[in-house]
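Observations on the model geometry
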Amino acid sequence: MAKKASPEERDGVKLTNLDQPLFEDAGATKRDLVDYLDGVRDRLLPELEDRPLSVIRTLPGQDPFMQKNVPKYTPDFVRTVKLWAESSRREVAYALCNDRPTLLWFANQRAIEYHPMLARYDSLAQTSYLIMDLDPPEGDSFQLAVKAALLVREALASCGLSGVVKTSGSKGVHVFVPLESASAEDVAAAARAVSARAERLDPALATTAFIKDDRHGKVFLDSTRTGGATVVSVFSPRIRPGLPVSFPVRWEDVENVTPRDFTVHTALGLLGDGDLWAELKPAPQALPADLVEEGHTIPIARVVAMHEGKRRKRAAAKAAEADDEARATPP
């Protein structure tokens, strides 16, 4: 009978089953994940610090799942904060991934994706970034997302703002604009205004339509990543074939990369000893008053989509009812 391997240990955290594959098509083991996250920790942890964290985990034989509430067996060294979740009408105990042991513990739990809130737990009313999530249509359309990112950059520049771009690690692109103190409501309004301005620059390429059927093959300029929302962190791996990571890119290089260029196997070598995200990220900026004012005149996309969805459902039901009546009526 083969002897079971003893757990390895780093910084007091026991690491188990390191040679197991992470998931089908990952092309990586749990050891690869642990080594990558440990190697990138000095660049990743500042983006996670004091931000309530959701993670996406994979367990053998199960579909990936998002974990917000920490499990009961969470060790004492993992700091947590309890926040009210309006959607589930309960308190949720979120982890704060502030140090190496916590990150290693998450890695050992097969937590692959890291989705921090956009605000710190002690200042939830203040949002750190204005974020544009650029979601291309289905298919191999990453370059369309890149073109949309350049529209967003132009729209930001027109009002004196600058941002940094990163791959999402999936098929899209994220533009982050670091902000000085700003309320979540004003940041949400400014994001709506930026997306509307970018759409006007090239309406054949980009759209602000929240309902998928209304996008017609265009890149969706998602301005809804605000308030209590989360966005996958820079340097976070993604549960995709080959285990890509969300990776910062220079604006002058963004048209020459693909998401597959940045994986847990290549990212550390590409970063070297530097922190490209910190290097590229502009200093926090104040939101222009006119941008915020414009945004407050633009309806919230999710609310508009919800009402439109209900209207279409009623219309479809009415049409079906009329059709049934017509078939039931004798000629």
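With an unreviewed UniProt entry as reference, the protein chain is termed DNA polymerase domain-containing protein, source organism Tenggerimyces flavus.

As for its placement among the helices and strands, T127 is situated in the loop between β7 (111-116) and β8 (129-135). A relative accessible area of 2% places T127 in the buried class. Residues contacting T127, with those up to four places away along its chain left out, are L118, L179, A182, A184, V187 and G227.

All right, on to the packing of aromatic side chains then. Applying the stated criterion to the full structure yields 8 aromatic pairs. Note on F235 and F247: the rings are 6.3 Å apart at their centroids and 85 degrees apart in plane angle, and the pair reads as edge-to-face. Here the residue F235 occupies a position in the loop between β12 (219-222) and β13 (248-249), and F247 occupies one in the loop between β12 and β13, the gap between them amounting to 12 residues. Overall, the relative accessible area of 3% leaves F247 in the buried class. Put simply, the rings of Y73, W105, F106 and Y114 touch in pairs and so form one group of aromatic residues.

Take the pairing of strand β6 (residues 90-96) next. The buried fraction of β6 amounts to 5 of the 7 residues, a majority that puts the element mostly inside the structure. Across 7 bridges, strand β5 (residues 79-85) lies against β6 in antiparallel orientation. For K82, the partnering residue across the bridge sits in β6 and is A93. Counting the residues between successive antiparallel strands, the hairpin from β5 to β6 contains 4 residues, one of them, R89, with a positive phi of roughly 55 degrees.

Turning to the pattern of salt bridges, a few remarks are in order. Under the counting rule described, the total for this entry stands at 20 salt bridges. Between K281 and E47 there is a salt bridge whose closest N-O contact spans 3.0 Å. A residue pair is termed long-range when its members are at least 10 positions apart, and K281 in the loop between α7 (276-280) and α8 (289-296) and E47 in helix α2 (residues 41-48) qualify at 234 residues. Judged by its relative accessible area of 24%, K281 is partly exposed.

We now examine the environment of E138. In this fold, E138 is placed in the loop between β8 and α4 (142-157). One polar contact links E138 to K171, side chain to side chain, over a distance of 3.2 Å.

As a further point, take the sheet that holds β12. One key point about sheets: their strands pair by backbone hydrogen bonds, in either a parallel or an antiparallel sense. Strand order in the open sheet formed by 6 strands is β11-β12-β8-β10-β9-β13, with mixed pairing between adjacent strands. In this open sheet, the two edge strands, each paired with only one partner strand, are β11 (206-207) and β13. Strand direction decides the pairing type here: β8 and strand β10 (residues 173-178), joined by 6 bridges, are antiparallel. If you follow I131 over to β10, its bridge partner there is F176. The strands touched by α4 are β8, β9 (164-167), β10, β11 and β12; relative to β10, the strand with the most contacts, the crossing angle is about 20 degrees.

Reading the values: rules and limits
Residues numbered from 1 in each chain as written. Predicted model: local features only at pLDDT ≥ 70, side-chain atom pairs only at ≥ 80, totals over all residues. Heavy atoms only, no water. Helix = DSSP H or I, 4+ residues; strand = E, 2+ residues; numbered from the N terminus. Buried < 20%, exposed > 50% of the residue type's maximum accessible area, 1.4 Å probe, protein only. Contact = heavy atoms within 4.5 Å. Phe/Tyr/Trp six-rings, centres within 6.5 Å; stacked < 30°, edge-to-face > 60°. Pairing = 2+ DSSP bridges. Salt bridge = Lys/Arg side-chain N within 4 Å of Asp/Glu carboxyl O. Polar contact = N/O pair within 3.5 Å; in protein donor to acceptor, adjacent residues only side chain to side chain. Axes fitted to C-alpha atoms, helices over the stretch in contact; angles between N-to-C directions.

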